[in-house]
Amino acid sequence: MSRRDGSSSSRSRGRRRAGGVLCRRGAARERRPRVEVDLIDRLPTPWGLVRLGVAPDHPNIKAVSRAFEKIAAQPGFRFLGNVEVGRDVTHAELVELYGAVVYAFGAQTDRRLGIPGEDLPGSWPATEFVAWYNGHPDFQDLEFDLSHERAVVIGNGNVALDVARMLALTPEELAPTDTTEEAIAAINAAGVREILVVGRRGPVQAAWTPVEVGELGELAGADVLVDPAELELDPGSAAELEAAPATVKRNVEHLRGYAGRAPAGKPRAIRLRFLRSPVAILGDDEVEAIELVRNELVDGRAVATDDREIVECGIVFRSVGYRGVPLADIPFDETSCTVPNAGGRVLDGSGAPVPGTYCAGWIKRGPTGIIGTNKKDATETVGLLLDDARSGKLGPGRDAGAIDELLRGRGVAVVTQSGWEAIDAAERAAGEPYGRPRVKLSRWDALLEAARGDAVSL
Ligand code: NAP
């Protein structure tokens, strides 16, 4: 989850201070200490990538937000939105004011390709396109020129498929989603006819998952085109496929199905290509083409041949993974772009645990894995945090009065849980007449306005 998702802090309550016991006697109570949690987020809205990353046409994945709502309804939970760590409150203050701080600020930017032309107008990180169509308020002024006939998506992960699919959705498919109004209008008016998805390795090595590959074949307005020649496997890949998990086998089955299917003449096409790397994005003042090189696999790695081609296109989405960025005063490993940790306990430069400081999610492990992966990961972190609480390693718990006073004193317009509920209600009410789950508020002022009355209400 991203910093936009927020960092959370939790504590075990007072009884630990009285005699070092977490809770009343009785095995069940001892295993389940009472905790109070403030979820701090720099955005006025919670849920991170569930709101701002998961594709809008995947409502079932977004349904996990119901579990978040149940947690938010528990006694002792508070949401403190529009609070930025490093700007409104420091790490040192958080550690002082809470028994423990868990950083879960995710991976907020994109990995770079490191090729000429990467920064030409028209070459975009997929992360920004995703944030834009999902209504992230920091990305609403971006202007994506979708008038070109061919869009190229670099990468073979699920984000690449999300981007390709979003570009291919018909007005009828987009209408019932919570894609922003601006993005719906832009995609409906797009001149894009072909979306070319380029993988540097083969079909067996692709990072995407079968449901996502399979749903491409269900799109009303786009054919899926795969050249059967690109599915011919080298001996290494054939052996890899043989031993691969069922998910990889299903991916390849889907691709073989597409390769054997005649195009139905739908208005748009998603063309999947393999064993090709971008070597340059070409154009004088904006993207006009992309130069690709054919790769061979050597020990599973993509190695460039001399075989190059130039493909005309007007827009490129670089979807080669997210990248974590540091947060003030929190240890950061520049190589892995994660917070150094042992199972979620944050480590300082000498490898010693930073007292009361933990991390979870993508900033702990790197930007891989689905929601379930991060749940497991968070469980590990919280387990260690509770161990530390039980062994008396944590300071006194949440001092709600002091944090409220500190934020009030700094003039921070905090959006509380009821402020967020006001935003949520306004969005749902706006969507209801159209059969949409919500019409998102995606501008800072609109979000803060909708929370009004509850903002600055600490
Ligand atoms: P990802 O799964 O790590 O995929 C990144 C892709 O970029 C890989 O195909 C990788 O190829 C390729 N790549 C990396 N560097 C490259 C380069 N220099 N040139 C060309 N290709 C390059 O990342 P993601 O798609 O951003 O997804 C992030 C995580 O979110 C994943 O775990 C994903 O499953 C999850 N997610 C899930 C869903 C869903 O469940 N529906 C939706 C979106 C995202 P190599 O394999 O060769 O490195």
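Because the structure is a prediction, the values reported are computed rather than measured.

Right, let's talk about the overall build of the chain for a bit. Along its length, the chain carries 17 helices and 18 strands. In terms of C-alpha radius of gyration, the chain reaches 24 Å, essentially the compact-globule figure of 23 Å for 458 residues. Taken along the three principal axes of its C-alpha coordinates, the chain extends 70 × 50 × 40 Å. Within the span of the chain, comprising 458 residues, buried residues form 52% of the whole. A separation threshold of at least 6 residues defines the contact pool for the chain, and within that pool the share at least 24 residues apart is 75%. Working note: accessible area of the chain is about 20300 Å², and carbon and sulfur atoms make up 52% of it.

Here the focus is the packing of helix α6 (residues 126–133) against helix α7 (residues 158–168). Between α6 and α7, the shortest axis-to-axis distance is 10 Å and the interhelical angle comes to 50°. The pairing of α6 with α7 is recorded here as oblique in orientation. Helix-helix and strand crossings are classified by hand; for α6 and α7 the assignment is left-handed. Contacts between α6 and α7 involve A126, F129, V130 and Y133 from the first element and V159, D162, V163, M166 and L167 from the second. Looking at the contact of α6 with α7 residue by residue, the classes come out as eight nonpolar, no polar and one charged.

Turning to the sheet that holds strand β12 (residues 289–298), a few remarks are in order. Pairing within the open sheet is antiparallel, and its three strands lie in the order β11-β12-β13. Each edge of the open sheet carries a strand with a single partner, namely β11 (276–282) and β13 (301–312). With strand direction ignored, the average angle separating the axes of adjacent strands in the sheet is 25°. Pairing of β11 with β12, which is carried by six bridges, proceeds in the antiparallel orientation. Residue pairing for β12: A280 is matched across the bridge by E291.

What follows concerns α6. The element α6 is largely enclosed, with a buried count of seven among its eight residues. Residues A126, T127, F129, V130, A131, W132 and Y133 constitute the buried set of α6. Positive phi shows up at G135, right after α6, with a value of about 85°.

In the vicinity of the ligand there are 23 residues, among which N158, R200, R201, E212 and G369 approach most closely. Between N158 and the ligand, the recorded distance is 3.0 Å, taken from a side-chain N or O atom to an oxygen atom. Considered on its own, the ligand offers 910 Å² of accessible surface; in the complex 82% of this is hidden by protein. Of all the elements, α7 adds the most residues to the shell around the ligand, at three residues. Classifying every residue of the shell around the ligand gives ten nonpolar, eight polar and five charged. Formed jointly, the shell around the ligand draws a minimum of three residues from each of two domains, domain 1 (9–108 + 323–414) and domain 2 (112–320).

Our focus in this paragraph is the pattern of salt bridges. Evaluated as defined, the whole model comprises 38 salt bridges. Linking E215 and R165 is a salt bridge whose minimum nitrogen-to-oxygen distance equals 3.4 Å. On the criterion of sequence distance, the pair formed by E215 in helix α10 (residues 210–216) and R165 in helix α7 is long-range, its members being 50 residues apart. In terms of burial, E215 and R165 fall into one category: buried. For D387, the salt bridge goes to R390, with nearest N and O atoms at 3.6 Å.

If a residue is not glycine, its phi is most likely negative; likewise, a peptide bond is most likely trans. Even without glycine at this site, D329 takes up a positive phi of about 70°. With respect to the helices and strands, D329 occurs in the loop between β15 (322–323) and β16 (341–342). You will see that C337, though not glycine, has its phi angle at about 55°, which is positive. For C337, the location among the structural elements is in the loop between β15 and β16. By relative accessible area, which is 13% here, C337 ends up buried.

In this section: the environment of D57. Topologically, D57 is positioned in the loop between α2 (48–52) and α3 (59–62). Judged by its relative accessible area of 19%, D57 falls in the buried class. Expressed as a C-alpha distance, the spacing of D57 and P367, which sit 310 residues apart in the sequence, is 22 Å. Setting aside residues no more than four positions away along its own chain, D57 makes contact with R165, M166, L169 and T177. For D57, the side chain forms a polar contact with the side chain of R165, separated by 2.7 Å.

Within a beta sheet, neighbouring strands are joined by backbone hydrogen bonds and run either parallel or antiparallel to one another. Pairing within the open sheet is parallel, and its six strands lie in the order β6-β14-β7-β8-β10-β9. Sheet topology places β6 (123–125) and β9 (222–226) at the edges, where each strand pairs with a single neighbour. For this sheet, the mean angle separating the axes of adjacent strands, direction not counted, is 20°. Relative to strand β14 (residues 315–318), β6 is paired through three bridges, and the arrangement is parallel. When the bridges of β14 are listed, P125 appears paired with R318.

Each assigned domain of the chain is listed with its residue range as follows: domain 1 (9–108 + 323–414) and domain 2 (112–320). Facing eleven residues of domain 1, the contacting portion of domain 2 comprises 17 residues. The largest share of the area that domain 1 buries against domain 2 comes from L52, P56 and D57, three residues that together contribute 46% of it. There are two salt bridges connecting domain 1 and domain 2. In this structure, R42 and D138 form a salt bridge, with 2.8 Å as the shortest nitrogen-oxygen distance. Where domain 1 touches domain 2, the interface holds seven residue pairs in polar contact (both at pLDDT 80 or more).

The rules we used
- Residues numbered from 1 in each chain as written.
- Predicted model: local features only at pLDDT ≥ 70, side-chain atom pairs only at ≥ 80, totals over all residues.
- Heavy atoms only, no water.
- Helix = DSSP H or I, 4+ residues; strand = E, 2+ residues; numbered from the N terminus.
- Rg over C-alpha atoms; globule rule 2.2 N^0.38 Å.
- Buried < 20%, exposed > 50% of the residue type's maximum accessible area, 1.4 Å probe, protein only.
- Contact = heavy atoms within 4.5 Å.
- Areas by Shrake-Rupley, 256 points an atom, 1.4 Å probe, with all protein chains shown as cover.
- Axes fitted to C-alpha atoms, helices over the stretch in contact; angles between N-to-C directions.
- Parallel < 35°, antiparallel > 145°, perpendicular 65-115°, else oblique.
- Left-handed = near helix turned anticlockwise from the far one by under 90°.
- Nonpolar A, V, L, I, M, F, W, Y, C, P; charged D, E, K, R; others polar.
- Pairing = 2+ DSSP bridges.
- Near = heavy atom within 4 Å.
- Polar contact = N/O pair within 3.5 Å; in protein donor to acceptor, adjacent residues only side chain to side chain.
- Domains from an automatic or database assignment.
- Salt bridge = Lys/Arg side-chain N within 4 Å of Asp/Glu carboxyl O.
- Buried area = accessible area lost by both parts, 1.4 Å probe.

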